[in-house]
Amino acid sequence: MSGHNESILREPLITGDNITYAKITDDILGPVENKPNKAWWIGFIVSALGALLWVVAVSYTFWNGIGAWGLNKTVGWAWDITGFVWWVGIGHAGTLISAVLLLFRQNWRNSINRSAEAMTIFAVICAATYVVSHMGRPWLAYWVLPLPNQFGSLWVNFNSPLVWDMFAISTYFSVSLLFWYTGLLPDIATIRDRAVGTRRKIYTIFSFGWTGGVKTWQRFEAVSLILAGISTPLVLSVHTIVSMDFATSVIPGWHTTIFPPYFVAGAIFSGFAMVLTLLLVARKVLGLENYITMFHIESMNKIIILTGSIVGVAYLTEFFIAWYSGSEYEQYAFINRSTGPYWWSYWMMMTCNVISPQLLWFKKIRLSIKATWILSIVVNVGMWFERFVIIVTSLHRDYIPSSWAMFYPTWVDVSVFVGSIGLFFTLFLLFLRVLPSIAIAEVKLLLKTASEQSKMKQIKEGHENKEYVAEYVESLQKFDSVKQEDYAKI
């Protein structure tokens with residue numbers, strides 16, 4: 001939302017020539033106003049089938065109870081809490097991109113924040129379904145709320161991690177939804193002004209009377225900054241609370257103070273990976289290469305390198321703490337993780353989360369669309385295994401060997417998780433059809449300062465020396481949406 005001039009040395013955030021405000025609107029609203037293409041329909045049908053599987057699996061769980069899952073007397077938590085923590089983690093990147101980068105005036109967020117925020121909303125919805133489904137008596141889910149005395153003084157047990165999760169998820173969802181919807185208002189008004197008939201009436205209702213006046217924009221920016229300030233602590237607090245579900249117990253492998261920062265870093269790590277998974281496909285299918293550029297992709301890859309390295313250090317720190325503690329139970333918990341019956345899941349976690357992100361140090365891989373997309377999926381697979389390792393391997397062998405037991409998922413366990421992925425992608429694909437995937441108003445702010453077009457104009461007018469121009473042109477070689485022949489004439 002800032003309007004400062006940028007150095008010619010900075011890589012452009014919008015590429016292409018003959019870009020106008022009208023063209024930006026047409027390009028971004030194309031998927032909303034035009035009929036969906038074949039790729040969208042294929043994705044939607046596959047996702048909808050996954051969502052249907054989720055409905056069947058959850059309905060089966062409600063009808064038969066959580067005995068339909070593979071839980072036993074030793075492993076009371078397994079795929080359900082693994083899926084819950086995984087989805088909450090994925091929802092973290094949206095708030096980070098929207099709130100934290102806005103406060104730090106990082107303009108590269110403008111092209112990716114809308115989709116990341118939507119991803120957050122849908123991921124939190126998927127996480128919330130796990131909270132309800134693993135209660136055992138889901139029709140009494142409202143008992144996790146502090147209820148008035150008319151219900152018979154039914155107060156919640158604030159010692160229960162289930163209550164902490166409810167407060168964390170509801171707060172995070174409410175603020176994220178408000179922040180996302182506030183940012184949508186100018187763009188919904190744009191669709192309203194271009195629509196006719198029933199569509200116009202619907203978008204008129206949801207635009208809340210947006211006029212686009214000076215006072216409206218002033219209030220919009222003020223509210224956005226306030227919401228960003230409120231949302232920023234949530235990036236740290238929500239997954240910290242989720243980590244305390246484990247850290248406040250006395251189970252070896254869980255009872256550790258490193259969990260809060262470790263979980264937060266892991267959440268941002270998996271969240272940015274999912275943003276890349278979604279946007280790399282969306283930019284190609286929807287033709288948005290000029291607005292989601294290689295600069296955005298490389299910036300997100302750098303954050304994945306950072307957070308992946310933090311997660312790797314946390315894994316090693318856990319082993320050191322177990323050794324240094326002198327506790328035979330703690331030491332055995334970690335030896336069992338790496339060499340016990342579930343050794344394959346531990347080494348899958350280490351390979352995906354520690355080794356694979358280090359490939360992004362190589363610029364050729366970091367700037368490869370295919371490699372980045374594959375690695376983003378690998379990271380999310382690894383983060384699921386991380387939660388599985390923490391939960392199942394810490395539970396299946398406790399203090400008494402006679403109560404040791406293995407966990408084997410049933411078809412219901414697998415179907416609930418796979419179905420939640422289908423639900424997530426169904427919601428995201430519907431979002432792409434009814435709302436702009438890129439913040440139109442915010443991208444337009446970059447046209448005169450941070451676009452390739454504006455920098456080319458500066459070069460042609462001779463405002464920059466030849467060394468700077470040469471460095472700038474060289475930096476453009478990595479962009480797949482830049483016509484290199486235009487610079488051969490300079």
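Our subject is the structure that appears above.
Quick caveat, the model's predicted, so the values are computed rather than measured. (Residues numbered from 1 in each chain as written. Predicted model: local features only at pLDDT ≥ 70, side-chain atom pairs only at ≥ 80, totals over all residues. Heavy atoms only, no water.)

## Section: the packing of helix H5 (residues 113–133) against helix H6 (residues 161–194)
(1) Moving on: Viewed as axis vectors pointing N to C, H5 and H6 meet at an angle of 150°, and their least axial separation amounts to 9 Å. Put simply, H5 runs roughly antiparallel to H6. Judged by the sense of rotation from one axis to the other, the crossing of H5 with H6 is left-handed. Where H5 approaches H6, its residues Arg114, Glu117, Ala118, Thr120, Ile121, Val124, Ile125, Ala128 and Val131 are matched on the opposing element by Leu162, Ile169, Tyr172, Phe173, Ser176, Leu177, Phe179, Trp180, Gly183, Leu184 and Asp187.
(2) Moving on: Split into classes, the residues belonging to the contact of H5 with H6 amount to 14 nonpolar, three polar and three charged. (Axes fitted to C-alpha atoms, helices over the stretch in contact; angles between N-to-C directions. Helix = DSSP H or I, 4+ residues; strand = E, 2+ residues; numbered from the N terminus. Parallel < 35°, antiparallel > 145°, perpendicular 65-115°, else oblique. Left-handed = near helix turned anticlockwise from the far one by under 90°. Contact = heavy atoms within 4.5 Å. Nonpolar A, V, L, I, M, F, W, Y, C, P; charged D, E, K, R; others polar.)

## A look at the side chain of Ser176
(1) Moving on: One can find Ser176 in helix H6.
(2) Moving on: Ser176 sits in the buried class, given a relative accessible area of 9%.
(3) Moving on: A distance of 2.7 Å separates the side chain of Ser176 from the backbone oxygen of Tyr172, its partner in a polar contact.
(4) Moving on: Setting aside anything within four residues of it in sequence, one finds Ser176 in contact with Thr95, Thr120 and Ile121. (Buried < 20%, exposed > 50% of the residue type's maximum accessible area, 1.4 Å probe, protein only. Polar contact = N/O pair within 3.5 Å; in protein donor to acceptor, adjacent residues only side chain to side chain.)

## Details of the environment of Asp17
(1) Moving on: Structurally, Asp17 can be placed in the segment before helix H1 (21–33).
(2) Moving on: Filtering out sequence-adjacent residues up to four positions away, Asp17 remains in contact with Gln453, Lys483 and Asp486.

## Quick notes on the packing of helix H3 (residues 79–90) against helix H15 (residues 411–434)
(1) Moving on: The contact between H3 and H15 brings their axes to 9 Å, and the two run at 20°. One finds that H3 runs roughly parallel with respect to H15. Regarding H3 and H15, the two cross each other, and that crossing is right-handed. Touching Trp79, Gly83, Trp86 and Trp87 of H3 are Asp413, Val414, Phe417, Ser420, Ile421 and Phe424, all from H15.
(2) Moving on: Tallied by class, residues from the contact of H3 with H15 come to seven nonpolar, two polar and one charged.

## Some points on the nonpolar core
(1) Moving on: Phe84, Trp87, Phe272 and Phe424 are the most contacted members of the largest nonpolar core, which totals 132 residues.
(2) Moving on: Looking at this core, the element that brings in the most residues is helix H9 (residues 259–285), giving 16 residues.
(3) Moving on: Apart from residues no more than four positions distant in its own chain, Trp87 is found in contact with Ala123, Cys126, Ala127, Tyr130, Ser420, Ile421 and Phe424.
(4) Moving on: Counting residues in each nonpolar core, the second largest holds five residues, with Ala99, Phe179, Leu227 and Ala228 among its members. (Core = buried A, V, L, I, M, F, W, Y, C linked by side-chain atoms within 4.5 Å.)

## Some thoughts on helix H8 (residues 214–247)
(1) Moving on: Compared with the 50 Å implied by 1.5 Å per residue over 34 residues, the 50 Å span of H8 between its first and last C-alpha is a close match.
(2) Moving on: The sharpest bend along H8 reaches about 35° and sits at Leu234. (Expected span 1.5 Å × (residues − 1). Bend = angle between axes of the 7 residues up to and from the residue.)

## Observations concerning the packing of aromatic side chains
(1) Moving on: For the coordinates displayed, the defined rule picks out 42 aromatic pairs.
(2) Moving on: Both rings, one in Trp86 and one in Trp87, keep their centres 4.9 Å apart while their planes meet at 70°; by these two values the pair is edge-to-face. Per residue, the accessibility class of Trp86 equals that of Trp87, and both read buried.
(3) Moving on: Arranged with centres 6.2 Å apart and planes meeting at 45°, the rings of Trp323 and Tyr324 form a pair that is tilted. Here Trp323 and Tyr324 have matching classes, each one exposed.
(4) Moving on: Pairwise contacts between aromatic rings join Trp79, Trp86, Trp87, Tyr342, Trp344, Trp384, Phe385, Phe388, Phe417, Phe424 and Phe425 into one cluster.
(5) Moving on: The cationic tip of Arg433 hangs over the ring face of Trp40; the distance from NZ or CZ to the ring centre is 5.9 Å. (Phe/Tyr/Trp six-rings, centres within 6.5 Å; stacked < 30°, edge-to-face > 60°. Lys NZ or Arg CZ within 6 Å of the ring centre and 35° of its normal.)

## Here's the deal with the environment of Trp217
(1) Moving on: Along the chain, Trp217 falls in helix H8.
(2) Moving on: Once residues lying within four places of it in the same chain are set aside, the contact partners of Trp217 are Pro186, Trp210, Gly212 and Ala441.
(3) Moving on: Of note is the side chain of Trp217, whose polar atom sits 3.4 Å from the backbone oxygen of Gly212.

## Observations regarding the environment of Thr393
(1) Moving on: Assignment of secondary structure puts Thr393 in helix H14 (residues 369–395).
(2) Moving on: Separated by 55 residues in sequence, Thr393 and Ser338 place their C-alpha atoms 9.5 Å apart.
(3) Moving on: Dropping the residues within four chain positions of it, Thr393 is found in contact with Asn336, Arg337, Tyr342 and Phe388.
(4) Moving on: A polar contact of 2.2 Å, which involves the side chain of Thr393, links it to the backbone oxygen of Val389.

## A short note on the pattern of salt bridges
Pairing between side chains becomes possible if they bear opposite charge and their charged atoms approach one another.
(1) Moving on: Under the criterion given, the structure shown has 12 salt bridges.
(2) Moving on: A salt bridge links Lys23 to Asp27, with the nearest nitrogen and oxygen atoms 2.9 Å apart. Taken together, the residues span about one helical turn, with Lys23 and Asp27 both in helix H1 at a distance of four residues.
(3) Moving on: Relative accessible area serves as the criterion here: at 30%, Lys23 is assigned to the partly exposed category.
(4) Moving on: Under the relative-accessibility criterion, Asp27 is labelled partly exposed at 23%.
(5) Moving on: A salt bridge links Lys478 to Glu298; the nearest nitrogen and oxygen atoms lie 2.3 Å apart. (Salt bridge = Lys/Arg side-chain N within 4 Å of Asp/Glu carboxyl O.)

## Concerning the side chain of Ser207
(1) Moving on: Considering the arrangement of structural elements, one finds Ser207 in the loop between helix H7 (197–206) and H8.
(2) Moving on: Residue classification places Ser207 among the buried positions, given a relative accessible area of 1%.
(3) Moving on: Here the side chain of Ser207 touches Arg192 through a polar contact of 3.1 Å, side chain to side chain.
(4) Moving on: A distance of 2.9 Å separates a polar side-chain atom of Ser207 from the backbone oxygen of Thr204.

## A word on a nonpolar patch on the surface
(1) Moving on: Taken together, the side chains of Trp41, Ile45, Leu49, Leu52, Val55, Val56, Tyr60 and Trp411 define a hydrophobic patch exposed on the protein surface, amounting to about 800 Å² of accessible area.
(2) Moving on: In terms of residues, the nonpolar patch owes the most to one element, helix H2 (residues 38–64), which gives seven residues.
(3) Moving on: Relative to the helices and strands, Trp411 resides in helix H15.
(4) Moving on: Relative accessible area serves as the criterion here: at 46%, Trp411 is assigned to the partly exposed category. (Patch = residues over 30% accessible without salt bridge, like charges linked within 9 Å, V, L, I, M, F, W, Y side chains within 5 Å. Areas by Shrake-Rupley, 256 points an atom, 1.4 Å probe, with all protein chains shown as cover.)

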